[in-house]
Amino acid sequence: MTDPALNRATHFSIVWAVVLAVLTLVEWRSLDRDPMSEQIFLPFIEREMTVSIADSNASQQLAAAGGNFSENNEQRNLQTDVQIDFNGPLFLAYFFGPILIFHAVDRLLARLR
């Protein structure tokens, strides 16, 4: 009986690569649509949010002029910046780590037979 062209470790490796690629693309796309409300599940996609006041001089002048109007204006002057980063080395570790484990277990099982 001949050995198959692709062994179990190779099959698992291909499945793992496709699943990881699809999960990464789906999560990146959902973060691209709504970066603030989506939760990040993959550890190699990083999000950094910063909140700043758009015009601090105008809001300080309005705060001195009136109390209630200045609070609403300060909330409108807040600017939120969201930066999404991709950690390539960590992605490669998550990509090749399980593949190496699959092939190591396959070689171990082949040696034990």
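Structure shown above.
These remarks concern the structure in this document. Small disclaimer: the values here were computed from a predicted structure and weren't measured. (Residues numbered from 1 in each chain as written. Predicted model: local features only at pLDDT ≥ 70, side-chain atom pairs only at ≥ 80, totals over all residues. Heavy atoms only, no water.)

## Comments concerning the overall build of the protein
Here's step 1: The secondary structure content of the protein amounts to four helices and two strands.
Here's step 2: Reading the secondary structure of the protein in the N-to-C direction produces α-β-α-α-β-α.
Here's step 3: Expressed as a percentage of contacts within the protein between residues at least 6 apart in sequence, the contacts between residues at least 24 apart total 65%.
Here's step 4: Surface accessibility of the protein: about 8900 Å² in total, with carbon and sulfur atoms responsible for 59%. (Helix = DSSP H or I, 4+ residues; strand = E, 2+ residues; numbered from the N terminus. Contact = heavy atoms within 4.5 Å. Areas by Shrake-Rupley, 256 points an atom, 1.4 Å probe, with all protein chains shown as cover.)

## Digging into the pattern of salt bridges
Here's step 1: Throughout the structure, instances matching the rule amount to one salt bridge.
Here's step 2: With a shortest N-O distance of 3.8 Å, Arg29 and Asp32 are connected by a salt bridge. Of this pair, Arg29 and Asp32 are both found in helix 1 (residues 8-33), three residues apart, which corresponds to roughly one turn of the helix.
Here's step 3: Residue class for Arg29 comes out partly exposed when judged on its relative accessible area of 47%.
Here's step 4: Since its relative accessible area comes to 51%, Asp32 is described here as exposed. (Salt bridge = Lys/Arg side-chain N within 4 Å of Asp/Glu carboxyl O. Buried < 20%, exposed > 50% of the residue type's maximum accessible area, 1.4 Å probe, protein only.)

## Some details on the packing of aromatic side chains
Here's step 1: Counted by the stated rule, this structure contains eight aromatic pairs.
Here's step 2: Look at Phe12 and Phe102: their rings are 5.7 Å apart centre to centre, the planes differ by 45°, and that puts the pair in the tilted class. Taken together, the positions of Phe12 in helix 1 and Phe102 in helix 4 (residues 88-112) put the pair 90 residues apart, joining distant regions of the chain.
Here's step 3: Residue Phe102 is classed as partly exposed on the basis of its relative accessible area, which comes to 26%.
Here's step 4: Aromatic pair Phe86 and Phe91: ring centres 5.4 Å apart, planes at 50°, arrangement tilted. (Phe/Tyr/Trp six-rings, centres within 6.5 Å; stacked < 30°, edge-to-face > 60°.)

## Here we look at the nonpolar core
Here's step 1: Core analysis: the biggest nonpolar cluster contains nine residues, these being Ala17, Leu20, Leu31, Leu42, Phe44, Ile45, Phe91, Phe95 and Ile99.
Here's step 2: Residues contacting Leu42, with those up to four places away along its chain left out, are Leu23, Thr24 and Glu27. (Core = buried A, V, L, I, M, F, W, Y, C linked by side-chain atoms within 4.5 Å.)

## Here's the deal with a nonpolar patch on the surface
Here's step 1: A contiguous nonpolar patch, built from Leu6, Ile14, Val18, Val22 and Val26 and spanning about 420 Å² of accessible area, is present on the exposed surface.
Here's step 2: Mapped onto the elements of the fold, Val22 is located in helix 1.
Here's step 3: Relative accessible area serves as the criterion here: at 46%, Val22 is assigned to the partly exposed category. (Patch = residues over 30% accessible without salt bridge, like charges linked within 9 Å, V, L, I, M, F, W, Y side chains within 5 Å.)

## Things to note about helix 4
Here's step 1: The end-to-end C-alpha separation of helix 4 is 36 Å, in line with the 36 Å expected for 25 residues at 1.5 Å each.
Here's step 2: Taken together, the buried residues of helix 4 touch helix 1 and strand 2 (78-86). (Expected span 1.5 Å × (residues − 1).)

On their own, these measurements won't tell you what the molecule is for.
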